[in-house]
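# Summary of structural features
Residue-level listing of the chains:
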Amino acid sequence: RERPGGSGATQRAARKRRGGPKAGPGSREGKRPGGPAAPAPSPGGKRPGDSEPTQRPVGKRPGSSEPAPSPGGKRPSASDLTPRPEGKRRDVPKGVPSAVGRPGSGGTAEGGAVGLLRRLGRLEDSRRRAAELFGWLLAPVSPREFAERHWERAPLLVRRGQPGYYAGLFSTAELDAILRSGRVRFGTHLDVTSYAEGVRETHNPAGRALPAVVWDFYQNGCSLRLLCPQAFSDTVWQFLSILQEHFGSMAGANTYLTPPGTQGFAPHYDDIEAFVLQLEGKKHWRVYSPRTEAEVLPQFSSANLTQAELGEPVLEVVLEAGDLLYFPRGFIHQGDCLPDAHSLHITVSSFQRNSWGDLLEKLLPAALQMALEEDVEYRQGLPMDYLGYMGVAHSDVVDARRTAFVEKVQSLVKKLISYAPIDAAVDQRAKSFLHDCLPPVLTPSEKALSVYGFPARWQDGGTRDVDILITKDTEVRLLRHGIVRLCNEEAGVMLYYTTENSRVYHKEEPKSLEIDPEYTDSIEFLLSSYPNHVSVDSLPCETLEDKISLATLLFEKGILTTKKPLVQV
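- The protein chain is annotated in an unreviewed UniProt entry as Bifunctional lysine-specific demethylase and histidyl-hydroxylase of Crypturellus undulatus.
- For the protein chain, the Sequence similarities (unreviewed entry) comment in UniProt is given as "Belongs to the ROX family. NO66 subfamily."

## Regarding the overall build of the protein chain
- Of the regular secondary structure elements, the protein chain holds 13 helices and 19 strands.
- The burial tally for the protein chain puts 52% of its 569 residues in the buried class.
- Put simply, of all contacts in the protein chain between residues at least 6 apart along the chain, 80% involve residues at least 24 apart.
- About 25,400 Å² of surface is accessible on the protein chain, with carbon and sulfur atoms providing 54% of the total.

## Let's talk about the packing of helix α5 (residues 172-180) against helix α6 (residues 211-219)
- The geometry of α5 relative to α6 is characterised by a closest axis approach of 9 Å and an angle of 140 degrees between their N-to-C directions. Between α5 and α6, the angle is such that the two are oblique. Residues T172, L175, D176, L179 and R180 of α5 lie in contact with α6, whose contacting residues are P211, V214 and W215.
- Here the residues of the contact of α5 with α6 are counted per class, giving 5 nonpolar, 1 polar and 2 charged.

## Topic: the sheet that holds strand β19 (residues 560-562)
- Ordered by their spatial adjacency, 3 strands build an open sheet running β18-β14-β19, and the pairing between neighbours is antiparallel. Every interior strand has two partners, whereas the edge strands, β18 (534-535) and β19, have only one.
- As paired strands, strand β14 (residues 475-478) and β19 are joined by 3 bridges and run antiparallel to one another. When the bridges of β19 are listed, L478 appears paired with L560.

## Some remarks on the nonpolar core
- Within the largest apolar cluster, 59 residues are counted, with the highest numbers of intra-cluster contacts made by F146, L169, L190, F239, F275 and L277.
- Looking at which element gives the most residues to this core, the answer is helix α7 (residues 234-247), with 7 residues.
- Dropping the residues within four chain positions of it, L277 is found in contact with L137, Y166, L169, F239, D323, L324, L344, H345, I346 and V348.
- V476, I523, L539 and V567 belong to the second largest nonpolar core, which has 28 residues in total.

## Quick look at helix α3 (residues 126-138)
- Across its 13 residues, α3 extends 19 Å between first and last C-alpha, which sits within 8% of the 18 Å expected from 1.5 Å per residue.
- Within α3, burial applies to S126, R129, A130, L133, F134, G135, W136, L137 and L138.
- Backbone nitrogen of R127 and a side-chain oxygen of the N-cap are separated by 2.9 Å at the start of α3; the cap is D125.

## Topic: the pattern of salt bridges
- Scanning the entire structure with this criterion turns up 30 salt bridges.
- Residues R477 and E124 are paired through a salt bridge, measuring 3.3 Å at the closest nitrogen-oxygen approach. Taken together, the residues span a long stretch of sequence, with R477 in strand β14 and E124 in the loop between α2 (112-120) and α3 at a distance of 353 residues.
- Classification of E124 as partly exposed rests on a relative accessible area of 49%.
- D427 is the partner of R485 in a salt bridge, and the nearest nitrogen-oxygen pair spans 2.8 Å. Of this pair, R485 sits in strand β15 (residues 484-489) while D427 sits in helix α10 (residues 422-436); the two residues are 58 residues apart in sequence, bridging distant segments of the chain.
- With a relative accessible area of 30%, R485 lands in the partly exposed category.
- A relative accessible area of 18% means that D427 is categorised as buried.
- One salt-bridge network, in which partners are shared between bridges, spans D375, E377, K408 and K415.

## Points about the side chain of T499
- With respect to the helices, strands and loops of the structure, T499 is situated in the loop between β16 (492-497) and β17 (511-515).
- A relative accessible area of 9% means that T499 is categorised as buried.
- Polar side-chain contacts of T499 include one of 2.6 Å to the backbone oxygen of K557.
- Once you skip the residues sitting within four places of it in the chain, T499 turns out to touch P439, P440, Y452, L479, I483, K557, G558 and I559.

## A look at the sheet that holds β15
- Pairing in this open sheet of 3 strands is antiparallel, and the strands run β15-β16-β17 from one edge to the other. At either margin of the open sheet sits one strand with a lone partner, and together these are β15 and β17. Between one strand and the next, the sheet's axes are offset by a mean angle of 30 degrees, whatever the strand orientation.
- Helix α12 (residues 520-529) rests against β15, β16 and β17 of the sheet, and its axis sits at about 150 degrees to β15.

## Some words on the pairing of strand β4 (residues 199-202)
- Bridge count for strand β3 (residues 190-196) against β4 is 4 bridges, and the pairing is antiparallel. Bridge assignment links A196 to a residue of β4, and that residue is V199.
- Once β3 ends, the chain turns through 2 residues before running back antiparallel as β4, passing E197 with a positive phi of about 55 degrees.

## Topic: the environment of C337
- One can find C337 in the loop between β10 (332-336) and β11 (343-350).
- C337 gets classed as buried once you look at its relative accessible area, which sits at 0%.
- Along the chain, C337 and V318 lie 19 residues apart, while their C-alpha atoms are 9.0 Å from each other.

## Observations regarding the packing of aromatic side chains
- For the structure on display, the rule yields 23 aromatic pairs.
- Their ring planes at 80 degrees and their centres at 5.8 Å tell us that W136 and Y166 sit as a pair that is edge-to-face. Of this pair, W136 sits in helix α3 while Y166 sits in the loop between β2 (156-158) and α5, and the two are 30 residues apart along the sequence.
- Here the basic side chain of R160 rests over the ring of Y165, its NZ or CZ set 3.9 Å away from the ring centre.

## Remarks on the packing of helix α8 (residues 356-374) against α10
- Closest axis-to-axis distance for the α8/α10 pair is 9 Å, and the angle between their directions is 120 degrees. Taken together, the axes of α8 and α10 lie oblique to each other. Considering how the two elements wind past one another, α8 and α10 form a crossing that is right-handed. Contact with α8, carried on its side by D358, L359, K362 and L363, involves I422, A425, V426, Q428, R429 and S432 of α10 and no other residues of that element.
- Looking at side-chain class alone, the contact of α8 with α10 contains 5 nonpolar, 2 polar and 3 charged residues.

Conventions we followed
Residues numbered from 1 in each chain as written. Predicted model: local features only at pLDDT ≥ 70, side-chain atom pairs only at ≥ 80, totals over all residues. Heavy atoms only, no water. UniProt positions renumbered as here; feature names shortened; annotations may be inferred. Helix = DSSP H or I, 4+ residues; strand = E, 2+ residues; numbered from the N terminus. Buried < 20%, exposed > 50% of the residue type's maximum accessible area, 1.4 Å probe, protein only. Contact = heavy atoms within 4.5 Å. Areas by Shrake-Rupley, 256 points an atom, 1.4 Å probe, with all protein chains shown as cover. Axes fitted to C-alpha atoms, helices over the stretch in contact; angles between N-to-C directions. Parallel < 35°, antiparallel > 145°, perpendicular 65-115°, else oblique. Nonpolar A, V, L, I, M, F, W, Y, C, P; charged D, E, K, R; others polar. Pairing = 2+ DSSP bridges. Core = buried A, V, L, I, M, F, W, Y, C linked by side-chain atoms within 4.5 Å. Expected span 1.5 Å × (residues − 1). Polar contact = N/O pair within 3.5 Å; in protein donor to acceptor, adjacent residues only side chain to side chain. Salt bridge = Lys/Arg side-chain N within 4 Å of Asp/Glu carboxyl O. Phe/Tyr/Trp six-rings, centres within 6.5 Å; stacked < 30°, edge-to-face > 60°. Lys NZ or Arg CZ within 6 Å of the ring centre and 35° of its normal. Left-handed = near helix turned anticlockwise from the far one by under 90°.

Laid out in structure tokens, this is it:
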């Protein structure tokens, strides 16, 4: 943050003379007010990830991650830090510590993340790819054990002793290359932060984040948070695009680079499920249980917290390269670098506003509207004198009219469930999820069999191979299982899809096609047949012309691929 009376460069020079970033007034710039509505799209297209709940540009979606020095300023060594037993949360089984993973056959990572993604690309079913990637992320802890003991319940620590486990996913060298591309802007893509003497501060200048400026901030003790790394890194994009199908909820990420002996963020809790992947160096983390029932699985992230508000951590550890730390939303956390090493980690996040309550926010208003339209009991007038015996002022009065009024309300609420369009509400949430999704990353073989590899071109003064010749014998299938959703809406039957989404969060409007109702059976047939190929002639449309027309449309949108290339070049 540039201060009055000097340029950014002048103030950085002043920080050099002082020996580090100046701690200024902490605030939550851009924090969204609490309320039932989901957070608005970020103007810069950021996806929620490890964004912590302090000074954010307006519209930035919350995510998670970062910590503080030990009381008294003493920083423990890696050997001093061990998992602490769980606190007294009612939903954590008594005596069950956070799991500590041990390297084993399930946790081997020959080729690191890049090798894994290459192997996953050879699997035919996208659901299997997603399941295997999630299993690799947790290994050697099994997904079943994780679901039963940790998901939304308790932190999980996995120590692997394999520094190359995440090799190729992201690195400081890649961050430097991204900065040199000239596409990164302060606030939109990159935050410069510090946390010193209990104060969290953002130091973002205006404009492009050029390497000379960014690395000067880092050299003087500031942390660098790259928002939406999937917009810049093809590997992170592929990683998240596969993982989102496992969660059934958007998967986002931020990366954090922290200088030795510093801390970039104040203690806080987040509104997402956080998976911290230590990529380089090491970092000291402290994790604390929710302090009240209201903070268990919260809808929104917290403000910055002070050390005095925290109590004792349930987990204190130094993460080293290859390790994993998971903590549920509502668990307070803070992380700081030890004096002898920098830290680079990526936090993968999901399940923001993806609770039963969030579903009911869509379902109940729709149920009430349907009940009002179809049931006269909901349209009958209230008693003329009800204001005289209902309300807080009358809450302690014993009155038969009060009893009857309350029973009537309870009866109407109970009856409301019969009008609840549950499937339609779920479809609307699925529609929102598809808008949140990253577009799929195609393997070379998938590209060759899709519109993205179709060889239409200009050559020798004219067009070549332009016509998409799909016949009744052409064998097709969906590119991915989770890329489409049918929704019945007032405008008609809509098919929402992800193939034309942007890598930048909500940069594009939701993508959809209006489908003739007679085509819905064919869409459902393609979904149920996946991952097998089916002939165009087997689609349950009335005429062969309809079958070819539908298949051609879906192929042109990147939704369908063919078993063999349509054109041999």
